[in-house]
Structures are given as C-alpha cells and as structure tokens.
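Here are the chains, one letter per residue:
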Amino acid sequence: DVIDAEGLLVLPGFIDTHVHFRDPGATHKEDFYTGTMAALAGGVTTILDMPNTQPPTDSLPHLTEKAAIAGSKAVVDYGFYLGATDTNIEEAATIAREVAAMKLYMGSSTGSLLVTEFSPIYRHFSTFPLEKPIVVHAEDEQSLKYFGALGLQDHNQARPPVSAQIALSRAIAIAEKTGRRLHVAHTTTQREMELIHEAKQKGVRVTCEVTPLHLFLNEEDQHRLGNFGKVNPPLRSKSDQAALWRYFNIVDTIGTDHAPHTREEKEQPYSKAPSGMTGVQTMLPLLLNAVSQGKVSLEAVIERCVVNPAEIFGLKTKGALQVGKDADIVLVNPEEEYVISNEQILSRCGWTPFAGTHIKGKIQRVFVRGNLAYDQGRVLVQPGSGKPVAYQG
Ligand code: NCD
Ligand code: ZN
Ligand code: ZN
C-alpha cells in the first residue's frame, strides 16, 4: 500500500523506558492492554515496565508470570525491569539477559521494593552484568523518613531540601568504583544535574532521565492540582524546572514515569493519596508542542526518546528509522491544534495533569513493525499484538 504522508512528519516510534502498568496486582488502575493502548495513542511503540507490581518482578517466576500477561494483552512492544531486593543478588544476575535493566529503589515509593543499605547495593552493582544498566530511584530515604516522622508528608509544606543528593552521590560513587552503567531515573533538581554533569566529566558511566512532568510542571502546578499533582520525586521549584532545560544537553532520556492511580485513590486525604500521574499518552504531544514553540529541536527530542533509549537499554531492533530496525513509525500533522482532555486518555484511570493544555502538533497514525495500529483516535490492533523486545548481546 501507498502511505500518503503529504504535509505530515514521519517520526520513529517513541520508546518510553519508564512506565508502571500495574499488571499483575493493581489492574483496577491499569493493565497491559489499557496501558499499551495509551502508549500507542501517544506515539509510543515500545515500553519498559517497572517492577513495583504485586508480586514485584524480583524473580524468574514473577518475571515469567508478567511476561505471559503482557504477551496476551499488549498492543505495543515491551520489555521489563527486574526489581532489586536485599536478597536477590545472585538470581538477578542469572536472569539479567531476560530483562532490559535492573531497577533499584534507594528510597521508598509505590510498592514494597527498597534497598537502602550499602552492602546489598554494592553487591548488586558489582554482580549484575556491568553493561546492563541499573536504574536507580535515588531519593534519600533518611530525609524522607525524617520528614515523615514529623508528620510533614505534604510536599507543599515540607520539601526535603536535599532529598536526592545523598542517595544520588552514593549511587554515583558505587558506580564509579564498580565501573558499571548507571541510569538515574527522574532527575528533578539543579543539584542532581550538577552531580551528574561532574560524574560524566570524570568518566563515570552514568546517564540520566527526566520526565515530562518535571519539564512541564512545577510546584505552582502542584497547588493547582492538589493530590493529583503528588508524585515522587515531587514537582520542584521554577528554578529547578528551568535547570532541567538548561542542562538538557546532558539529559540522556525522557521517560514518562507513567504511574496511574484512580481518582478515588487520589481524592483521599493528602498523606494517604498515592504518588504518581499518568504520562505515556501525553509525552510526544507535549514535546511536539515544545518544538512548535521553539523550546527544543525535534532532533534533540528524538535523540532522547528514541535513539538513546534504544542504545542505553540495548534494544536490538528499536531506534531511529534505518535498515535493520523495526518499522515503528508515527505520522504527525505539525500544524493541527487541539486541547488535551481527560476524555482522550486511554489509561484506565482516565485522567491527566495536562487536561486543558493547548497542543500544536497531532499524532495521526502509528505503525508497529509495519502494521497500522492506530489511526486518528482508533486502535486497530488486538490485545497480544505487541511483542517482547530483543536485547543486544
Ligand atoms: C511511582 C508509582 O506509583 O509506581 N510513583 C511515582 O510517584 N513516581 C513509583 C516511582 O516511580 O517512584
Ligand atoms: Zn521512582
Ligand atoms: Zn516510576
């Protein structure tokens, strides 16, 4: 067939290396079908799913269980993270080839995965294959505990001033010592960007992610959004937000941290409301809009949302449009304008913090491995059409 793309941009499918699709265990929030439909509608043709599900993806049986679920439900291609625990050091290393990376929570977040002590962190860093990234949620557990003990959970009132620096410095130091690849999830502050910049200059094998949430929202939006804007790490000050853009040249990946929770869960009292917002469907639209505003170039976006993710996570057949790669293609009308609304959101929880945002640049069609999978609002493929990604090496 001939594809008429006159007047349209032809982009490679986006790769979101940071989603929480909640399957198994919390499918009232999201499952592999609803999550991957949201991805598809957002021009994301490959996702890597985080391990903080129930059960957590921390062993071969749990990984096998999740792979079977994804195999029957996904409509885009997918890979998995293996969750680090205090005790799964040897097992993690033996199943490393089955996953995109390890995820290690140095600070607590949704779910029960947490590794805070030096010894298990050091052993994971030195035992997990050095070429496979370990992705860290590097928020300082001590300061979180301290503020929690004071009853100051509200990030509006008590924003731990050094919440990420201690954990991040530790992670960088151990990565340097062990010579391993380290990828820092959701960096949000100027200080973190400085630490990463310095480490990169020293030759430490560290890369980093920022989220669209922290690029496009700040603490003023948190006041407007209330619990719906509660996230780990929290939305930061305008000056930290500006720092992410200032340091954009050393940002390696943009990942959404798509972390759906239902409205009912979010409408609980602040201290009880879970942290996280949706994002997989709105990343490309927000970035297209930023391109239309001259904030960033389309090339810089594709580098961080396609080229670098494929390279860092060793996704063999994914990446820029070229021979040898899958024909994952997104057609965009760069002139079409619309307003984001909750009704458009295909995630099961049905809301986005970006409702009301005016966007220039609309996703028209999405192809996954050459198949037309999404056409102007309609998902054309069946659950199970998504395939597991293949890894380099
Ligand atoms: C994430 C979740 O809900 O799974 N929440 C969040 O606020 N980002 C977990 C995480 O990425 O820390
Ligand atoms: Zn996290
Ligand atoms: Zn996350």
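Anything mentioned here points back to the structure above.
Residues numbered from 1 in each chain as written. Chains lettered and ligands numbered in written order. Predicted model: local features only at pLDDT ≥ 70, side-chain atom pairs only at ≥ 80, totals over all residues. Heavy atoms only, no water.

Novice: Help me get a handle on the overall build of the chain, residues and values and all.
Specialist: What the chain contains, in helices and strands, is 13 helices and 13 strands. Reported as C-alpha extents along the three principal axes, the dimensions of the chain are approximately 60 × 45 × 40 Å. Burial status across the chain gives 60% buried among its 393 residues. For the chain, restricting intrachain contacts to residue pairs at least 6 apart in sequence, the fraction spanning at least 24 positions comes to 76%. With the model as given, the accessible surface of the chain reaches about 15100 Å², and the carbon-plus-sulfur share is 50%. Here the chain contributes 38 positively and 45 negatively charged side chains, and the mean placements of these two sets differ by 3 Å. (Helix = DSSP H or I, 4+ residues; strand = E, 2+ residues; numbered from the N terminus. Buried < 20%, exposed > 50% of the residue type's maximum accessible area, 1.4 Å probe, protein only. Contact = heavy atoms within 4.5 Å. Areas by Shrake-Rupley, 256 points an atom, 1.4 Å probe, with all protein chains shown as cover. Lys, Arg positive; Asp, Glu negative; His and termini not counted. Charge placed at Lys NZ, Arg CZ, Asp CG, Glu CD.)

Novice: Can you tell me about the sheet that holds strand β13 (residues 378-379), naming the residues and giving the values?
Specialist: Across the sheet, which stays open at both edges, the 5 strands sit in the order β1-β10-β11-β12-β13 with antiparallel pairing between neighbours. If you trace the sheet from one side to the other, it starts and ends with β1 (9-12) and β13, each paired once. In this sheet, strand β11 (residues 358-368) lies alongside strand β10 (residues 329-339) in antiparallel orientation, the contact comprising 8 bridges. Residue pairing for β11: L331 is matched across the bridge by R365. (Pairing = 2+ DSSP bridges.)

Novice: How would you summarise the packing of aromatic side chains if you had to cite specific residues and measurements?
Specialist: Scanning the entire structure with this criterion turns up 9 aromatic pairs. Taken together, a centroid distance of 6.2 Å and an interplanar angle of 80° make the contact between F32 and F80 edge-to-face. Highlighted residues: F32 in helix α1 (residues 32-41) and F80 in strand β4 (residues 77-83), separated in sequence by 48 residues. You'll find F32 and F80 in the same group, each marked buried. An aromatic cluster is defined as three or more aromatic residues linked by ring pairs; in this entry it consists of F21, F32, Y78 and F80. The ring centre of F125 lies 6.0 Å from the NZ or CZ of R180, which sits over that ring. Across the ring face of Y270, the terminal group of K230 is positioned such that the distance to the ring centre comes to 4.6 Å. (Phe/Tyr/Trp six-rings, centres within 6.5 Å; stacked < 30°, edge-to-face > 60°. Lys NZ or Arg CZ within 6 Å of the ring centre and 35° of its normal.)

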